[in-house]
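Letter by letter, the chains look like this.
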Amino acid sequence: MKVLVVGSGGREHALVWKIARSSRVEKIYCAPGNAGIAGLAECIDIRPDDIEKLTDFAFANRIDLTVIGPEVSLAKGIVDLFESKGLKIFGPVQKAALLEASKVFSKEMMIKYNIPTAKSEIFTNSNDARNFVRIADIPIVIKADGLAAGKGVMVAATIEEAEKAIGIIMEDKHFGESGNRIIIEECLKGEEVSFMVFTDGENIVPMVGSQDHKRAYDDDKGDNTGGMGAYSPTPVINKNLSERIIDEVIRPIISGMAAEGIRYKGVLYAGLMITDQGPKVLEFNVRYGDPETQVILPRLKEDLVDIMEDVVNGRLAVRELNWDDRACICVTCASGGYPGKYEKGKLISGLEKIRDLKDVIVFHAGTIQQGARIMTNGGRVLGITALGKNIAQAAKRAYQAVKEVCFEEMHYRKDIGLRAIEKSIIKE
């Protein structure tokens with residue numbers, strides 16, 4: 001069969017890498033792809049948001065299954081368009097994608113269907129928002145309503161920071177029309193985890209848990225990013241908590257969408273804060289997480305193509321997936337200045353030194369091939385991923401590999417997985 005993957009990041013490289021391991025797949029295309037993906041798939045120069053060209057390509061090349069990486073394609077309605085042409089595609093329809101494309105819609109759904117989440121208020125006027133934060137409890141969280149590449153959430157430790165965030169989002173339009181509305185909500189206390197499931201709109205099959213590192217710098221300091229690294233499993237999520245998340249969060253939102261006349265099919269990602277009262281939803285994403293996918297797929301023993309086809313065909317069987325018992329960790333190597341302004345076109349060296357390292361995988365994100373050279377082409381450049389018998393061993397392998405790679409102004413966090421390592425030491 002022929003598969004098309006849409007996107008150009010580390011998540012898409014991980015998807016292509018896993019799909020390439022399916023005995024059923026003869027050819028993989030990726031639009032637009034990157035320098036790493038080019039070694040496994042034929043890269044097609046079509047933007048993820050150009051859903052008409054993607055549809056035409058899939059139809060002309062008789063693509064058997066299309067897999068969507070970035071949320072922008074889903075928000076624009078690529079699934080609806082593909083299905084109207086009789087093409088098989090993995091992901092939710094446009095109305096379902098509102099769970100991520102609009103934080104206001106998502107919050108309203110959570111309230112309506114009694115899904116645990118932070119207390120919040122919605123604002124369309126910056127002056128009203130400022131008046132609210134002046135009397136609110138601090139710290140407080142400011143969220144742009146629409147898509148912002150993972151950077152539209154700001155945690156304000158002071159009233160001044162809250163007012164500045166409101167100005168950036170609503171007045172400076174840093175995220176464009178995504179900032180026309182904002183949500184201001186209480187800052188939940190606990191530990192943040194990522195929980196993803198496959199669903200065909202009725203049946204639910206959970207993946208293993210993982211934890212992302214959103215902030216740019218060590219000790220969770222700096223601005224929010226798309227993700228500076230991740231690890232799986234997480235000691236925070238045990239079997240009982242997993243079942244509770246499914247019962248209190250996942251099943252209610254999927255059945256709630258169904259009650260609204262929307263069948264949710266694809267991957268559902270819940271970003272959760274595990275509080276003293278239990279799991280509370282920070283956000284829903286309607287696609288594979290990035291960088292969570294880079295640490296989950298290397299642990300998956302099943303044929304991913306089989307699972308995704310079952311979802312698309314509405315026949316997902318309720319079962320437990322088989323997972324590698326080993327831990328996996330991903331360290332993101334980013335361009336200097338990310339998530340703010342950064343330069344592209346920096347030569348990446350050292351990749352050949354880690355190409356054949358045992359249990360180490362390099363997932364490319366913002367890279368481009370220029371002749372024989374691989375150059376930086378984005379904020380998040382590489383995801384150095386490693387497996388190990390535990391988080392500590394996986395982290396050691398990943399960071400050893402990171403030290404072999406170099407490009408001008410390369411930046412990475414040095415504490416990915418440290419929380420899990422410290423928990424295991426305390427437990428021992």
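Remember, predicted model here, so these are calculated numbers, not experimental data. (Residues numbered from 1 in each chain as written. Predicted model: local features only at pLDDT ≥ 70, side-chain atom pairs only at ≥ 80, totals over all residues. Heavy atoms only, no water.)

A. Inspection of the sheet that holds strand β10 (residues 191-199) at higher detail. Strand order in the open sheet made by the 4 strands is β11-β10-β16-β17, with antiparallel pairing throughout. Each edge of the open sheet carries a strand with a single partner, namely β11 (204-206) and β17 (278-285). Across the sheet, the mean angle from the axis of one strand to that of its neighbour is 35°, orientation sign disregarded. Summarising the sheet, β10 and strand β16 (residues 266-275) pair through 9 bridges and their orientation is antiparallel. Across the sheet, F198 pairs through a bridge with V267, a residue of β16. (Pairing = 2+ DSSP bridges. Helix = DSSP H or I, 4+ residues; strand = E, 2+ residues; numbered from the N terminus. Axes fitted to C-alpha atoms, helices over the stretch in contact; angles between N-to-C directions.)

B. Spatial organisation of empty space enclosed by the protein. Scanning all chains against the criterion turns up 1 cavity of 30 Å³ or more. Estimated volume of the largest cavity: approximately 30 Å³. As for the largest cavity, its lining consists of E192, V193, S194, D212, K214 and Y269. Looking at which element gives the most residues to the lining of the largest cavity, the answer is β10, with 3 residues. (1 Å grid on protein atoms, 1.4 Å probe; cavity = no way out; pocket = protein on both sides within 12 Å on 5 of 7 lines; lining within 4 Å. Points joined across faces, edges and corners; volume = space filled by probe spheres on them.)

C. Broad picture of helix α7 (residues 126-133). All buried positions along α7 are accounted for by S126, A129, R130 and V133. Considered in projection along α7, the buried side chains sweep an arc of 100° and stay on one side of the axis. Those residues of α7 that are buried are in contact with β6 (120-123), β7 (140-144), α8 (159-171) and β9 (182-186). Where α7 starts, the residue carrying a side-chain oxygen 2.8 Å from the main-chain nitrogen of N127 turns out to be N125. (Buried < 20%, exposed > 50% of the residue type's maximum accessible area, 1.4 Å probe, protein only. Arc of directions from axis to C-beta. Contact = heavy atoms within 4.5 Å. Polar contact = N/O pair within 3.5 Å; in protein donor to acceptor, adjacent residues only side chain to side chain.)

D. Representation of the packing of α7 against α8 in the model. Packing of α7 against α8 leaves a shortest axis separation of 10 Å and a crossing angle of 165°. On the basis of the axis angle, α7 is roughly antiparallel to α8. Crossing angle aside, the handedness with which α7 passes α8 is right-handed. When α7 is examined against α8, the residues S126, A129, R130 and V133 are found in contact with a partner set consisting of I159, A162, E163, I166, G167, M170 and E171. Residues that form the contact of α7 with α8 fall into these classes: 6 nonpolar, 2 polar and 3 charged. (Parallel < 35°, antiparallel > 145°, perpendicular 65-115°, else oblique. Left-handed = near helix turned anticlockwise from the far one by under 90°. Nonpolar A, V, L, I, M, F, W, Y, C, P; charged D, E, K, R; others polar.)

E. Fine view of the nonpolar core. In terms of nonpolar packing, the biggest core is built from 48 residues, with I78, L99, V249, I250, L268, L272 and F284 touching the most fellow members. Top element by residues in this core is helix α9 (residues 239-259). It accounts for 8 residues. Here I78 is in contact with I51, L54, I68, S73 and I89, once residues within four sequence places are set aside. The next biggest cluster of nonpolar side chains, apart from the first, holds 43 residues, and it includes V16, L65, V67 and W323. (Core = buried A, V, L, I, M, F, W, Y, C linked by side-chain atoms within 4.5 Å.)

F. Representation of the pattern of salt bridges in the model. Summed over the entire model, instances satisfying the criterion amount to 27 salt bridges. In this structure, K107 engages E185 in a salt bridge whose closest nitrogen and oxygen atoms are separated by 2.8 Å. Taken together, the residues span a long stretch of sequence, with K107 in helix α6 (residues 103-112) and E185 in strand β9 at a distance of 78 residues. No difference in accessibility class separates K107 from E185, as the two residues are buried. The salt bridge involving R380 is made with D290; its shortest N-O contact spans 3.6 Å. Highlighted residues: R380 in strand β22 (residues 380-388) and D290 in the loop between β17 and α10 (292-296), separated in sequence by 90 residues. The pair R380 / D290 is uniform in exposure class, with both members buried. Several salt bridges converge on common partners, so that one network encompasses R130, R134, E163 and E171. (Salt bridge = Lys/Arg side-chain N within 4 Å of Asp/Glu carboxyl O.)

G. Summary view of the environment of I68. Mapping I68 onto the fold places it in strand β4 (residues 65-68). Among the residues examined, I68 registers a relative accessible area of 2% and is labelled buried. C-alpha of I68 to C-alpha of L15: the two residues are 53 residues apart in sequence and 9.7 Å apart in space. Beyond its immediate chain neighbours, meaning those up to four positions away, I68 contacts V6, S73, L74, I78, I89 and F90.

H. Geometry of the packing of helix α1 (residues 10-19) against helix α11 (residues 304-312). At a minimum axis separation of 8 Å, α1 and α11 run at an interaxial angle of 105°. One finds that α1 runs roughly perpendicular with respect to α11. Of the residues in α11, those touching α1 at L15, K18 and I19 are L304, V305 and M308. Split by residue class, the contact of α1 with α11 holds 5 nonpolar, no polar and 1 charged.

I. Region of the structure containing the sheet that holds strand β8 (residues 153-156). In space, the 4 strands of this open sheet follow the order β6-β9-β7-β8, with antiparallel pairing throughout. Two strands lie at the open edges of the sheet, namely β6 and β8, each paired on one side alone. Shown here is a sheet whose adjacent strand axes are inclined to one another by a mean of 20°, direction ignored. Here α6 sits on the sheet and contacts β6, β7, β8 and β9; the angle it forms with β9, its principal contact strand, is near 45°.

J. Main features of the side chain of T234. Relative to the elements of secondary structure, T234 occurs in the loop between β15 (229-232) and α9. Here Q211 takes part through its side chain, which lies 2.6 Å from a polar atom of the side chain of T234. Excluding residues within four positions of it along the chain, T234 makes contact with V193, G209, S210 and Q211.

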